[in-house]
Amino acid sequence: MSVGTAYADSVVTGRPFGTDSVNWSTLGADQTTISNPFSFFTTDGISGNGSYASSLTGQVRVQETSWAGNFATGDFLNWNEGNGTLTLNFSSGYTQIGAQIETDGYGPFTAQICDVNINSCFTENGDSVSDNGSAIYIGIESSSPIDSVTFSITSGNNLSDFAINEVTLNGSGTPVVPEPSSLLLLGTGLLGLAVTARRRFAL
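Residues numbered from 1 in each chain as written. Predicted model: local features only at pLDDT ≥ 70, side-chain atom pairs only at ≥ 80, totals over all residues. Heavy atoms only, no water.

Colleague: Please give an account of the side chain of glutamine 63 that cites residues and values.
Modeller: Along the chain, glutamine 63 turns up in the loop between strand S6 (58-62) and strand S7 (76-79). At 2.8 Å, the side chain of glutamine 63 and the side chain of glutamate 64 are in polar contact. A polar contact is formed between the side chain of glutamine 63 and the backbone oxygen of glycine 69, at a distance of 3.1 Å. Setting aside anything within four residues of it in sequence, one finds glutamine 63 in contact with Ala68, Gly69, Asn70, Phe71, Ala72, Thr73, Gly74, Asp75, Leu77, Glu102 and Asn132. (Helix = DSSP H or I, 4+ residues; strand = E, 2+ residues; numbered from the N terminus. Polar contact = N/O pair within 3.5 Å; in protein donor to acceptor, adjacent residues only side chain to side chain. Contact = heavy atoms within 4.5 Å.)

Set out below in structure tokens:
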């Protein structure tokens, strides 16, 4: 009988340097439509996909070009266009995932990020104003690899309409590694195949 390991998540409110990232400029220029669902790649080439809660599309926006808010000038944003919770899935796991976030509308708000796999959520309060670079950062960190998160707004003037900037990923993407027993089974199968082939060619 095996005993499962308990993993605890924690919230990250200061933007880390990060070892990988997702820049939304890879989805297109300013005001490019983002399909729903959509696919992307991280800077290190890890694949991922995302979706909005409704069936409608999102849009790429750029701070100070088509978005007047708290992000740094020139930041490429993933704007959900009022379509609710944004879900991001990665083909590999990270120790930390997060981004700066703000609502499309002035005033106080509460942002939320969740680790989908273990349903662990954290919130942080922000204030959406025209003050470049002051957008709050909300991230989630875990001792277990995180490969799926959601971003949402839980309170404020506009609960379904928000944007996030570049996603910061910490820790190298961790691919799924076969268990030792699976590797042993694979090795035994390959050995048997090699013996069979040798017998066949020896006839």
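Colleague: I'd love a proper account of the state of the cysteines, names of residues and values included.
Modeller: Simply put, the disulfide is a covalent bond whose two ends are the sulfur atoms of two cysteines. Within this structure, the stated rule accounts for one disulfide. Residue cysteine 114 pairs covalently with cysteine 121 via a disulfide, S to S 2.0 Å. Disulfide cysteine 114-cysteine 121: torsion about the S-S bond near 110 degrees, hence right-handed. Taking the relative accessible area as the measure of exposure, cysteine 114 reaches 8% and is therefore buried. On the accessibility criterion, cysteine 121 (33% relative accessible area) is partly exposed. (Disulfide = S-S within 2.5 Å. Buried < 20%, exposed > 50% of the residue type's maximum accessible area, 1.4 Å probe, protein only.)

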